[in-house]
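Residue-level listing of the chains:
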Amino acid sequence: MRPALILAMMSVALCTAPALAKMTPVEQAVVLDVHNRERAAVGVAPIAWNARLAADAERWAAHLAQINGLIHYRTAGEPENGEGENLFMGTARAYRIDEMVGLWASEKRAFRRARRWDQDGATFEAVGHYTQMVWRTTREVGCAIASNGSDDFLVCRYAQPGNMIGQKPF
């Protein structure tokens, strides 16, 4: 192959590949701070950052950026990984990390109105991100962001997973 053709093919590949951004220590601290403030408000133990969960989140965030869509892991038959998951998609560079995670936390208003978080699909859709954040048996989180130029995709993975039907979040 000619060098010019190889260079052109590499340029196309680079332009279509999602941009990954491992979270900086400051961004990790922001994610933990938002989570742990919400957890403290309901009396559950704080969570810690987990690099393995962050690596899993990074792979899924890259996939979401590539397909330009928001679907949960295991929707298309991916193997069970024993992790909980929260997803965010928004206009590229329009949201800070604290705003992305804060949108999940803002679901607590709907949670307070619901008699049970898992009462019906509508209730779960309205509060599921929040309940995963404050789930009493969750101890670790890892997150990553990918962008495809038009949208940013934040994925947070949790161990132990939350949102177990029939159980209370805290």
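For the structure itself, look to the data block above.
What comes next is a walk through the structure.

About the thresholds
- Residues numbered from 1 in each chain as written.
- Predicted model: local features only at pLDDT ≥ 70, side-chain atom pairs only at ≥ 80, totals over all residues.
- Heavy atoms only, no water.
- Helix = DSSP H or I, 4+ residues; strand = E, 2+ residues; numbered from the N terminus.
- Expected span 1.5 Å × (residues − 1).
- Buried < 20%, exposed > 50% of the residue type's maximum accessible area, 1.4 Å probe, protein only.
- Arc of directions from axis to C-beta.
- Phe/Tyr/Trp six-rings, centres within 6.5 Å; stacked < 30°, edge-to-face > 60°.

**What about helix α2 (residues 25-41)?**
Under the 1.5 Å per step criterion, the end-to-end length of α2 is 24 Å for 17 residues, consistent within 8% with the ideal 24 Å. For α2, the full list of buried residues reads V31, L32, V34, H35, E38 and R39. Down the axis of α2, the sector holding all buried residues measures 155°, keeping them to one side. Of the exposed residues in α2, the ones pointing more than 90 degrees away from its buried face are P25, V26, A40 and A41.

**Here's the deal with the packing of aromatic side chains**
Enumeration according to the criterion identifies three aromatic pairs in this entry. Arranged with centres 5.2 Å apart and planes meeting at 75°, the rings of F88 and Y95 form a pair that is edge-to-face. For Y95, a relative accessible area of 36% puts it in the partly exposed group. Judged by centre distance (5.7 Å) and plane angle (55°), the rings of F111 and Y130 are tilted. With F111 in helix α5 (residues 108-113) and Y130 in helix α6 (residues 121-134), this residue pair connects regions lying 19 residues apart in the sequence. For the pair F111 and Y130, one class covers both residues: buried. Grouping aromatic residues by their ring pairs yields a cluster made of F111, Y130 and F170.

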